[in-house]
Amino acid sequence: MSIPDPAPPTRRADRASQGARTVRGTRVDLRGFAAVLVLPVLVVGAALGVRSSADPLPARAPRTTPLALGTLVCPPGDGAVRVTSTATVPGTVAVADARTGEDDATPVEVRPGVVSTTRTGSGPVVVIGRDAAAPGLVAARVERPLAAAECRPPEVDVWFTGVGAGAKHRSTLQLTNPDEGRAVVDVTVFGRTGVVEATGLRGIAVPGGASRALDLATLLPRRDDLALHVVTSRGRISASVSDSYTEIGRGAAGIDAVPVQPAPARTLTLLGLPDGTGQRSLVIGNPGDAQTTVEVRLVTASSTFVPAGIEPVDVAPGSVVRVQIAPLLQQAARDAGGRGERLLGLELRAGAPITADLLMFVAGDLAHAGVAVPLERTALTPLPPGRRTLVLAGAPREGAVVVRTWDEAGQPLEPIRVDVAPGRAERVVLPEAARLLAVAPQGSEVRAAVLAEDDGATVLRPLQPILTGVVPDVVGGLP
Amino acid sequence: MPGSSVFFGGLPGSLAVPGPRRRCGAATLARVVFRLVSLAPHARVAVLLVSHDGERWLPGVLAGLAEQDLSAPPVPEDAAAPDGAPSAPGRRDPLGEIVRVVAVDTGSRDASRDLLQAAEVGPVDVVVAEATTTYPEAVAQGVARCLSTLEEPPTWIWLLHDDARPAPDALARLLAAAADHPEADLLGPKLREWPSLRRLLEVGVTMSGTGRRETGLEPGEFDQGQHDAVRRVLAVSTAGLLVRPEVLTELGLDPRLPLFGSDLDLGWRAASAGLTTLVVPEAVVFHAEAAHRGLRRTALTGTHARFGERRAALYTLLANATPRRVPWLVLRLVLGTALRALGLVLLRAPGEALDEVAALVAVVLRPAQVRAGRRERAAAGLDPARARPLLAPAWMPYRHGLDAVGAVVTAVTQQATDVAERRRIAAAEADPSSLAAARLRAERAAARAAETDDEAALVAADTGLAARLLTSPVALGLAAVVLVLLVAGRTALGGVVGGALSPAPASVGDWWHLHTSAWHPLGWGTDVPAPPSVLPLALLGSVLGPGATVSALLWLSGVVALGGAWRFLRVAGRLASPGGVPRGLLLAAAAAYALAPATSGAWGEGRLGLVVGAAVLPWLAHAALGFAEPDAERRRRAMWRVGLLLALVTSFAPLAWWLALVVIGAVTLLAARALADGAHGADGADGAGRRRSPRTLRQLSAPWWGALGIAAGLLLPWWLPLLLTGHPAGLLLEGGRPPGPTVEGLDVVLGRLGADAAPRVLAVVLLLAAVAALLPRATRVPVLACWSVAGLAVVVALVVGRLEVTLGALRTGGGLGIAVLTITGALLTAAVLGVAAVTRPAPILPPDPSLSAEPAGGAPSRPASARLLGAALGVLVAVVPLGGAAWFLTDDPLLDDDPVTVVPAYMLQSAARGDQYGVLVVRGDLDTGLDIAVRRGTGPTLGQDEIVALAGTPARAVDAVTTLLSRPSPQAVDAVAALGVEFLVLPAPADGRVAATLDASAGLAQASAPEGGRAWQVTRPVPDAVADPGGAAGPLRTGLVVLQLLGLVVVLVLAAPSVRAARRVPEEEPTS
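Draft legend 1. Representation of the overall build of chain B within the structure. Across its full length, chain B holds 39 helices and 20 strands. A total of 1072 residues make up chain B; the buried ones form 55% of that total. Relative to all contacts within chain B whose residues are 6 or more apart in sequence, the contacts with residues 24 or more apart total 77%.

In structure tokens form, the structure reads like this:
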């Protein structure tokens, strides 16, 4: 390709050659540079606003739905199974031996305000309510001398403290599987010196519709007090511990159920201190991996305080400590009595989540004052005959509690309204005729326990029945 | 010579005794006698000239004929004739005489006949024949006239074409050779191109197994005497063929070959008959090949010379081959023709492809012709085996195939390379007075002055690859970079999976199925279309296999990116300033870009889409520089190329199309403003090549928008179903297993995608260099253009990143990966242009008196500050690839990490039985919510992730699972089973409450699960199969895919470079 020769010089061409002079030397031109620097600044500035990231969806709480299937499992025992419900309409539930299942069930009518009593032998019992009869079921098994076992729904993760595995203090872990499929349970045992090696308690298989009783004294004989962490890794299990204690100098053993603690907590309230001079053993478990210090406080009607003469208790990691507090309590009771007050319970404060149980002897009978869980809504318990005292404490703020009772026939008795406040406890002596108690907190949650005394003693904790099932929030995910 | 019995047989109706000379003593004797006679110094030569509409060349031909000097040519001293009597120096006895010139004119409509009759070459006997006379007929008529009018038959007949001009000594040298080789029956000259005169056309020909005319010459090879040895060959052209009359009368030309290929056939038959054909390269005939090149159209050539040639070649091949080879030949010709036709279509020569096919059809559909031809040859006692050694070797066609592929590859990689040069030339032509034109003239003059002789240049160009490698530090550096890329990327070899990369499917059929199906049994079943990358993967996987495809893409993409970046930066540098970019800087920048996918973290995370997209991106930019071509046709070609490459990048990184849209939109706006302002002549920042010629915005921007449209059209089977099925988010998401990389704030300009990127300091260095690149004024406009592109990409990232798309339990923004890599590329380009402005040698200055008068004297030195700045920037730019390479070599990529398996192997085995045996995976806990996903088969493979992510989970599945998890009942289990679920898995840590609910459900049996997890088997029957809902989507998909593949072929053809540069004969007469 040929390029034509230049045209005769014109003014334009002159301009071009003049332009060349400036183009020729590439000079660093700071003024122009400053002007065009605007662009990089803008680009970098805009870049600061860029954001593209992948975030998980925010937490989505489950919805609630009326419970469709209520299952309660009562531990074995001689006592009758007492079933009641918060439902306002009558319904029929099935009560059956857990080992035979629902097919051989006894239909039991549950009416408002009435405690239905059924005898189905001494094996574990399952109470099943379906659909309308499912929500609000509460059941317990009460024996004489006074011992009460709560009938609990199957739970994945429960704690028992104050369990024994020796000749004198001997506990039996009862695992009941109400479903068809196999269940597997792992039990971790905490002792005085730490976690106790117990191979027989790992991977315990419970076939469908079966109940296994594990005598701890046989499996891991030892004299110290224990805490159990029962975790269901597979299937559904209702676990309970029945406890017997032979007090020195007495032939017969006291029997009671060790109360369930749902989870370790930093602040625990144990309610239901009977009068008397029997043994009072406070058992504290520290499942954590660091030592913790536990402060023991006494709860009276007017205050919660650290009594003189008790030092904070140090609990080594993974271990259980027993503290004899009978003398302390007697001294404190005398002091309080001087002020016209009663000791109503204990409050434990720890630096790390702990478990606890108060093991007592009352008139030669064993009683466990377990950890009272906070009640947010109406809680029920059938009442055994005898002297029954309701203790309310641990309200985080001021509020009220309406205490309702019903007699044998299901007739409501006069309701009692009790004001509750932080740091204070209330004691309500329940009417003689009352057979069913409902505690309805208003304005504040509250902890409650019923101390029943009559030829021995036992502590009953009003239970919040399960009203609703949860519906998880399900979304499609990525594989 | 009376009596034809000296020759054995002939074509139609010969009565002579058939058989080769060995078999016939009498014939052999006669032959010897004949040869003795022909040795007589005075050979009698009859010239036979066939003409048809040849007035353009005839005067030259006749002049050449008139110039023939039959005296014995001088023999070079160092090349004594092997036998025979060499003519003593000084004795120049004539070797023979031309006894007759017979011209056969086949119905010329121009002045040919008059020219012949007026010729001053002695007695010209003009035979007038019909226009439909074939060449063999014309020759037969001419020979008949010769023999009938001459008292004594000639010893030789010299055939000439009307477009073949013999050199003055051509006939003499042929006769001398004939004298030296008495066994020769046919002698042909060396044919050179007329009018170029120095290019060789033929020095004897043979035929390959595919019917190709083999000359053994390179295209356009110059005659430097390299083929000057008298050789026996299969055939020589009839242009200038010196042949014994008996050969023509007895063997003759096959009348079934009307024009083309009769020479090859004649030579073949002569060889089969045991005759000898020699090529005499000392004799030169200049040939215009008028009919071959379509310069002359006759009733015989028609408009398709190629058809005629090809038909003749096929006929010759089939008629002359040994009988055993015929079936194999037919098969090979059919396959070969299909392949060649395909290749021609791909090279945008559909007419020639049609000719190829038509020729084959014409031959194969008329087997009677071939049979008749073979019968005649058999009857004449020809033995094809004799010709065998003279045929082309068997590997010849494959070598041609390789050459063709090589030529295409070279052309593809080189296109747009010279855009800067062409723009300068065009600018110089448009304004010869401009400085640019003056500079160009000066450069050319300097080049001419510096040019040494051809030989030296050739030797220099021929220096071996090894020598060039060892003597060039840049070449060594390039090799080192390639080595680093390959060594650092070795993780990709072998089965690779991990990070965002899912395993490759078991067979490439899975990819094809994924691409062609409208409905996929993935997850809960979906009609979300396959991502667009599946088609290129399937195409490549069909060759390499799926696993090797993924490995190859990951392993070699760096090298591809390196090559692309090198080419793009070189051309961009030349566009920005005539001096271009120093090669060392080019190497550093290209290496930095090639490492960018790795240093950004995309490579290590297994983001195949980004890695491939980044590798193609510089090629796309390189092709886009074609928009700056001064020639409209080239700009259109660039449009197809850009469209194709944009479609490729977009299929791997969907944001690319949107980026291109924004950039083109901005450039169009700029161009519109510039045109409105009447800013002619100034090179805009857009590099679009505005010329002074008035052009509308529409003409200017049509190729840009056309390229966008082409890309969109090619991706139609992806985006249209995405929109139709209501998943527009897929147009903006990153490819691969979600979620895409997290990009926040400055990372977008620092080229970092997520946490697994190289240290920020390297990117900061690049950013600073790009800012500093604005300092030199000469290249400020192109550097600003680079910054503008980066700015537009940031704006796109700003918008797209903020879009929220919910994929399952994830909320994610758009995929910004390709925008980040584009910004890195733009900043690198800016840095390179800036550094080049202060480091490249000063341009050659035109010898303009006004300039030489300057006090500086035009010394090409730069201010010290500029040189210092250049050096500093160069070091900065070099730090980036060095640091990047070091990091890449030592980094531990996520690739090749074994993915965490939540589904036990036995479930996968069960799931592999069919899509209905799905595994439902439930993650999360009750308090924060659960998410569910179903795995089918062996889990998502490469290409399926995007589908599964976009498909989401239908409400019926969520409802069924929610019911199962909240109110378990046998019905609830049935509902889940009906969705095609055989197993339920709660991966560790399983929520015990959820597990408890499932444990209480009848119809679920506990199954073994990994530690901490839970699993159940559904004991209810699953459906027989996961049903395809069918509907109209299937046919629509098929139609779209067919359309896409057709479109792809068309675009490939239109984007292909022009490999076959058509040889154009200038309208100049020979000046011999």
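Draft legend 2. A look at the overall build of chain A. A tally of regular secondary structure across chain A gives five helices and 40 strands. A globule of 479 residues ought to have a C-alpha radius of gyration of about 23 Å, yet chain A, at 34 Å, is considerably larger. The dimensions of chain A, computed from C-alpha atoms along their principal axes, are 135 × 60 × 50 Å. The buried share of chain A, taken over its 479 residues, is 56%. Restricting to contacts in chain A with at least 6 residues of sequence separation, those with at least 24 account for 79%. Element-wise, carbon and sulfur atoms account for 52% of the exposed surface of chain A, whose accessible area totals about 20,000 Å². A gap of 9 Å separates the mean positions of the 48 positive and 48 negative side-chain charges of chain A.

Draft legend 3. A look at the state of the cysteines. All names here are of chain A. Counting across every chain of the model gives one disulfide over all chains. A disulfide bridge connects Cys74 with Cys151, and the sulfur atoms are separated by 1.9 Å. Judged by the torsion about the S-S bond (110°), the Cys74/Cys151 disulfide is right-handed. On the criterion of sequence distance, the pair formed by Cys74 in strand β4 (residues 69-74) and Cys151 in strand β11 (residues 147-151) is long-range, its members being 77 residues apart. This pair shows no difference in class: Cys74 is buried, exactly as Cys151 is.

Draft legend 4. Structural detail: the environment of A:Leu226. Mapping A:Leu226 onto the fold places it in strand β18 (residues 222-234). The contact partners of A:Leu226, leaving out residues within four places of it in the chain, are A:Phe160, A:Thr161, A:Gly162, A:Val163, A:Ala165, A:Val189, A:Phe190, A:Gly191, A:Val196, A:Leu220 and A:Val320.

Draft legend 5. Seen up close, the nonpolar core. Residues and elements named next belong to chain B. Formed by 159 residues in total, the largest nonpolar core has its most connected members in Leu554, Val748 and Trp787. Broken down by element, the residue count for this core peaks at 14 residues, all from helix α31 (residues 817-839). Among residues more than four places away in sequence, those in contact with Leu554 are Ala492, Val496, Leu501, Trp603, Leu608, Val611 and Leu895. Listed in part, the 46 residues of the second largest apolar core include Val61, Leu95, Val121 and Leu174.

Draft legend 6. Seen up close, the sheet that holds strand β14 (residues 805-807) of chain B. Taken in spatial order, the three strands line up as β2(A)-β15(B)-β14(B) in an open sheet, and their pairing is antiparallel. Looking at strand neighbours, the two that pair on one side only are β2 (54-56) of chain A together with β14 of chain B, the edges of this open sheet. Across this sheet, the average inter-strand angle for adjacent strands is 30°, counted without regard to direction. When β2(A) meets strand β15 (residues 810-812) of chain B, the two strands line up antiparallel, connected through three bridges. Residue pairing across strands places A:Pro56 opposite B:Leu810, the latter belonging to β15(B).

Draft legend 7. A look at helix α21 (residues 546-576) of chain B. Compared with an ideal rise of 1.5 Å per residue, which puts 31 residues at 45 Å, α21(B) spans 42 Å between its outermost C-alpha atoms and is within 8% of the ideal. Remark: the principal bend of α21(B), roughly 45°, maps to B:Leu556.

Draft legend 8. Just a nonpolar patch on the surface, in detail. All names here are of chain B. Residues Val330, Val334, Val357, Val361, Val364 and Leu365 make up a contiguous nonpolar surface patch of roughly 440 Å² in combined accessible area. Elements represented by at least two residues in the nonpolar patch include exactly α9 (326-346) and α10 (350-364). Top contributing element to the nonpolar patch by residue count: α10, with three residues. Positionally, Val330 belongs in helix α9.

Draft legend 9. Focus on the interface of chain A and chain B. Listed by partner, the interface residues are 67 residues for chain A and 91 residues for chain B. Across the chain A to chain B interface the summed buried area is about 6,800 Å²; carbon plus sulfur atoms make up 63%. Along the contact surface separating chain A from chain B lie one salt bridge. On the surface where chain A and chain B come into contact, there are 20 residue pairs in polar contact (both at pLDDT 80 or more).

Draft legend 10. The packing of aromatic side chains, seen in detail. Residues and elements named next belong to chain B. Counted under the stated rule, the structure contains five aromatic pairs over all chains. Summarising the aromatic geometry, the rings of Trp603 and Phe888 are spaced 5.2 Å apart at their centres and angled 80° between planes, so their arrangement reads as edge-to-face. Of the two residues, Trp603 is situated in the loop between α22 (583-599) and α23 (608-624) and Phe888 in helix α33 (residues 864-890); the sequence distance between them amounts to 285 residues. Looking at Phe888, the relative accessible area reads 7%, which means it is buried. Ring plane angle 85° and centroid distance 5.2 Å describe the contact between Trp657 and Trp658, whose orientation is recorded as edge-to-face.

Draft legend 11. A look at the confidence of the model for chain A. On average, residues of chain A carry a pLDDT of 85, and 93% of them reach 70 or more. Below a pLDDT of 50 lies the segment residues 1-26 of chain A, which in the model reaches 42 contacts outside its immediate sequence neighbourhood of four places, other chains included.

Draft legend 12. Structural detail: the pairing of β11(A). All names here are of chain A. The buried count for β11 comes to five of five residues, which makes it a mostly enclosed element. A two-sided burial pattern is seen for β11, the buried positions comprising Ala147, Ala149 and Cys151 on one face and Ala148 and Glu150 on the other. Alignment of strand β10 (residues 137-143) against β11, held across five bridges, turns out to be antiparallel. Within the sheet, the bridge partner assigned to Arg141 lies in β11 and is Ala149. Where β10 folds back on β11, the antiparallel hairpin that results is connected by three residues.

Draft legend 13. Representation of the environment of B:Leu493 in the model. All names here are of chain B. Relative to the helices and strands, Leu493 is located in the loop between α18 (473-488) and α19 (508-516). Relative accessible area serves as the criterion here: at 42%, Leu493 is assigned to the partly exposed category. In sequence terms Leu493 and Asp1024 are 531 residues apart; their C-alpha atoms lie 40 Å from each other. Those residues in contact with Leu493, other than ones at most four positions away along the chain, are Ser551 and Trp555.

Rules and cut-offs
- Each chain has its residues counted from 1, following the order in which its sequence is written.
- Labels follow written order: the first chain is A, the first ligand is 1, and so on.
- A pLDDT threshold of at least 70 governs which residues receive local features in this predicted model, and a stricter bar of 80 or more applies before side-chain atom pairs are shown or counted, although totals over entire chains, interfaces and linings include all residues.
- Hydrogens and waters are ignored; side-chain quantities use all the structure's heavy atoms.
- Helix numbers and strand numbers start at the N terminus; a helix is a DSSP run of H or I with at least 4 residues, a strand a run of E with at least 2.
- Categorising residues by exposure relies on relative accessible area from a 1.4 Å probe, with only protein chains included: less than 20% of the type maximum marks a residue as buried, more than 50% marks it as exposed, and the intermediate range marks it as partly exposed.
- Only heavy atoms matter for contacts: two residues are in contact if any of them lie within 4.5 Å across the pair.
- The globule rule used for comparison is 2.2 Å times the number of residues to the exponent 0.38, while the radius of gyration itself is calculated over C-alpha atoms.
- We get accessible surface area from the Shrake-Rupley algorithm with a probe of 1.4 Å; when it comes to residues, only the shown protein chains can shield them.
- Charge counting treats Lys and Arg as positive and Asp and Glu as negative, with His and both chain ends excluded.
- Charged side chains are reduced to one point each, which is NZ for Lys, CZ for Arg, CG for Asp and CD for Glu.
- A pair of sulfur atoms, both from cysteines and within 2.5 Å, is called a disulfide here.
- Residues grouped as a nonpolar core are buried Ala, Val, Leu, Ile, Met, Phe, Trp, Tyr and Cys residues, joined through side-chain atoms within 4.5 Å.
- Note: two strands are recorded as paired if DSSP finds a minimum of 2 bridges between them.
- Under this scheme, a helix contributes an axis fitted over its contacting stretch, all axes are lines through C-alpha atoms, and angles between N-to-C directions fall in the 0 to 180 degree range.
- Working rule for helices: expected span equals 1.5 Å times residues minus one.
- In this analysis the local bend is the angle between axes fitted, respectively, to the seven residues ending at and the seven residues starting at the residue.
- Distance thresholds for patches are 9 Å for like charges and 5 Å for nonpolar side chains (Val, Leu, Ile, Met, Phe, Trp, Tyr), applied to residues having over 30% relative accessible area and no salt bridge.
- By definition here, a salt bridge exists when the distance from a side-chain nitrogen of Lys or Arg to a carboxyl oxygen of Asp or Glu is within 4 Å.
- As a working definition, buried area equals the accessible area (1.4 Å probe) given up by two parts on being put together, with both sides summed.
- Here a polar contact is taken to be a pair of N or O atoms separated by no more than 3.5 Å, where protein atoms must pair a possible hydrogen donor with a possible acceptor and residues adjacent in sequence count only if both atoms sit in side chains.
- Working definition: a ring pair exists when centres of Phe, Tyr or Trp rings (six-membered ring for Trp) sit within 6.5 Å. Plane angles under 30 degrees give stacked, over 60 give edge-to-face, the rest tilted.
- The predictor's confidence in any single residue is recorded as pLDDT, a number from 0 to 100.

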